[in-house]
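Residue strings, one per chain:
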Amino acid sequence: MTTTLRPTAPEQRTDGGGRSRSYEVCVNSRPVGRIDLATDDRFGPSFGRIVRLAVDEPDRHRGRGTVAALAAEEVLRGWGCAQITLTIPADARTALGLAGALGYVERARNMVKPLVTEVALPDGSVARAMSETEFAPWHHAAKAEYVREWVEHGVPRDRAEAQAERDHAKLLPLGAATPGTLLRVLAHDGVDVGTLWLALREEGAYIFDVEVDARYRGRGHGRTLMLLAERESLAGGAGELGLNVFAGNTPALRLYESLGYEPTRIHLYKVLH
């Protein structure tokens, strides 16, 4: 039996060079599923995405998804893509296993925690709003760290820098005064030890950045900042708190897991040779 991809509609293109197209996954011309491909809006047309891959129930566990994913790589190579990305629900074990077998590696994961009870901060720890004078140096450092994380996980520096500028301009258009944004400085025994960037949204709160000063790491201040985020989120009416953690940041991942965060989506990538 031969598994192929059959286009379902003409290819779509954007002025910026973006491309997208949907295909039926076929076995001997019989449709058994669907795959949607596109270039990545964040990093440009040299980055491809598997937006969706689904095989019909009767044809699962027969290698259809594997062949479709490999065929998708050929399509994206033809588009000039040097890298391919996909996002998989954290509980989709079969799909995650397939991605791993095909050479995809984790770039980051989304995690979430339901919020129920406010937790007090440890004795000696207090938080205050970040001042306007503190915002500029914090913002510069936060963008630099954001770029570093993307570069470490396969994104060329120029693309990472451009994305950092776009994201921060979108998320902090008015700086520290951006509505729905909470920027906090944590002090312990009178000494500033870390910062928190939290956004309050209709669907819940989201942590964009938690940073402990390198001089004071390993003393529990990261946990305190997370408790601060929970307290601020509850005060803002949020019922859950989400975040993103890059692969390889084991201390942060262990902290989040110990606090009750559960993964929801896994973001993976593969370099196309």
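Residues numbered from 1 in each chain as written. Predicted model: local features only at pLDDT ≥ 70, side-chain atom pairs only at ≥ 80, totals over all residues. Heavy atoms only, no water.

(A) Region of the structure containing the overall build of the chain. Looking only at helices and strands, the chain features six helices and 13 strands. Projected onto the principal axes, the alpha-carbon positions of the chain cover approximately 70 × 40 × 30 Å. Counting all 273 residues of the chain, 44% fall into the buried class. Considering only contacts within the chain whose residues lie at least 6 apart along the sequence, 63% involve residues at least 24 apart. As displayed, the chain has an accessible area near 14,200 Å², and 52% of this comes from carbon and sulfur atoms. Computing the positive centroid from 34 side-chain charges and the negative centroid from 36, the chain places the two 6 Å apart. (Helix = DSSP H or I, 4+ residues; strand = E, 2+ residues; numbered from the N terminus. Buried < 20%, exposed > 50% of the residue type's maximum accessible area, 1.4 Å probe, protein only. Contact = heavy atoms within 4.5 Å. Areas by Shrake-Rupley, 256 points an atom, 1.4 Å probe, with all protein chains shown as cover. Lys, Arg positive; Asp, Glu negative; His and termini not counted. Charge placed at Lys NZ, Arg CZ, Asp CG, Glu CD.)

(B) Spatial organisation of the pattern of salt bridges. Enumeration over the complete set of coordinates arrives at 23 salt bridges. Between arginine 13 and glutamate 11 there is a salt bridge, and its shortest N-O distance comes to 2.9 Å. Judged by its relative accessible area of 23%, glutamate 11 is partly exposed. With a shortest N-O distance of 3.7 Å, glutamate 73 and arginine 77 are connected by a salt bridge. Of this pair, glutamate 73 and arginine 77 both sit in helix 1 (residues 64-78), four residues apart, roughly one helical turn. Connected via shared salt-bridge partners are Glu73, Glu74, Arg77 and Lys270. (Salt bridge = Lys/Arg side-chain N within 4 Å of Asp/Glu carboxyl O.)

(C) Examining helix 3 (residues 132-152) more closely. For helix 3, built from 21 residues, the straight-helix expectation of 30 Å at 1.5 Å per residue is met to within 8% by its first-to-last C-alpha distance of 31 Å. For helix 3, the complete set of buried residues consists of Phe135, Trp138, His139, Ala142, Lys143, Val147, Glu149 and Trp150. Where helix 3 is buried, its residues contact strand 7 (105-114), helix 4 (157-171), strand 9 (181-188), strand 10 (191-201), strand 11 (204-212) and strand 12 (240-246). (Expected span 1.5 Å × (residues − 1).)

(D) The arrangement of the environment of proline 173 in detail. Relative to the helices and strands, proline 173 is located in the loop between helix 4 and strand 9. Judged by its relative accessible area of 54%, proline 173 is exposed. Leaving out residues up to four positions away in the same chain, proline 173 has contacts with His168 and Thr178.

(E) A look at helix 5 (residues 221-235). End to end, helix 5 covers 21 Å across 15 residues, agreeing with the expected 21 Å (1.5 Å per residue, within 8%). Glycine 237, located one to two residues past helix 5, shows a positive phi value of around 90°.

(F) Here's a closer look at the packing of helix 3 against helix 4. Axis separation between helix 3 and helix 4 bottoms out at 9 Å; the angle between their running directions is 135°. Classified by the angle their axes make, helix 3 and helix 4 are oblique. Two packed elements cross with a definite hand, and for helix 3 against helix 4 that hand is right-handed. Only Arg157, Ala160, Glu161, Gln163, Ala164, Glu165, Asp167 and His168 of helix 4 make contact with helix 3, whose side of the interface consists of His139, Ala142, Lys143, Tyr146, Val147, Trp150 and Val151. Across the contact of helix 3 with helix 4, the residue classes tally to seven nonpolar, three polar and five charged. (Axes fitted to C-alpha atoms, helices over the stretch in contact; angles between N-to-C directions. Parallel < 35°, antiparallel > 145°, perpendicular 65-115°, else oblique. Left-handed = near helix turned anticlockwise from the far one by under 90°. Nonpolar A, V, L, I, M, F, W, Y, C, P; charged D, E, K, R; others polar.)

(G) Looking closely at the packing of aromatic side chains. In the structure shown here, the tally under the stated rule is nine aromatic pairs. Here the aromatic rings of phenylalanine 43 and tryptophan 150 are separated by 5.1 Å at their centres, their planes lie at 70°, and the arrangement is edge-to-face. Here tryptophan 150 lies in helix 3 and phenylalanine 43 lies in the loop between strand 4 (30-40) and strand 5 (44-55), a separation of 107 residues in the sequence. Grouping residues by exposure puts phenylalanine 43 and tryptophan 150 together as buried. With 5.7 Å between their ring centres and 45° between their planes, phenylalanine 135 and tryptophan 138 make a pair best called tilted. Of this pair, phenylalanine 135 and tryptophan 138 both sit in helix 3, three residues apart, roughly one helical turn. As far as the burial class goes, phenylalanine 135 and tryptophan 138 line up, both buried. Among the aromatic residues, those joined into a cluster by ring pairs are Phe43, Phe47, Tyr146, Trp150 and Phe246. One Lys or Arg, arginine 107, reaches over the ring of tyrosine 269 and ends 4.1 Å from the middle of that ring. The side chain of arginine 201 reaches across the aromatic face of tyrosine 206, ending 5.3 Å from its centre. (Phe/Tyr/Trp six-rings, centres within 6.5 Å; stacked < 30°, edge-to-face > 60°. Lys NZ or Arg CZ within 6 Å of the ring centre and 35° of its normal.)

(H) A look at the environment of glycine 18. Along the chain, glycine 18 turns up in the loop between strand 2 (12-13) and strand 3 (19-27). Between the C-alpha atom of glycine 18 and that of tryptophan 138, which follows or precedes it by 120 residues, the distance is 34 Å. In this view, glycine 18 contacts Gln12, Arg13 and Thr39; residues no more than four positions away in its chain are not counted.

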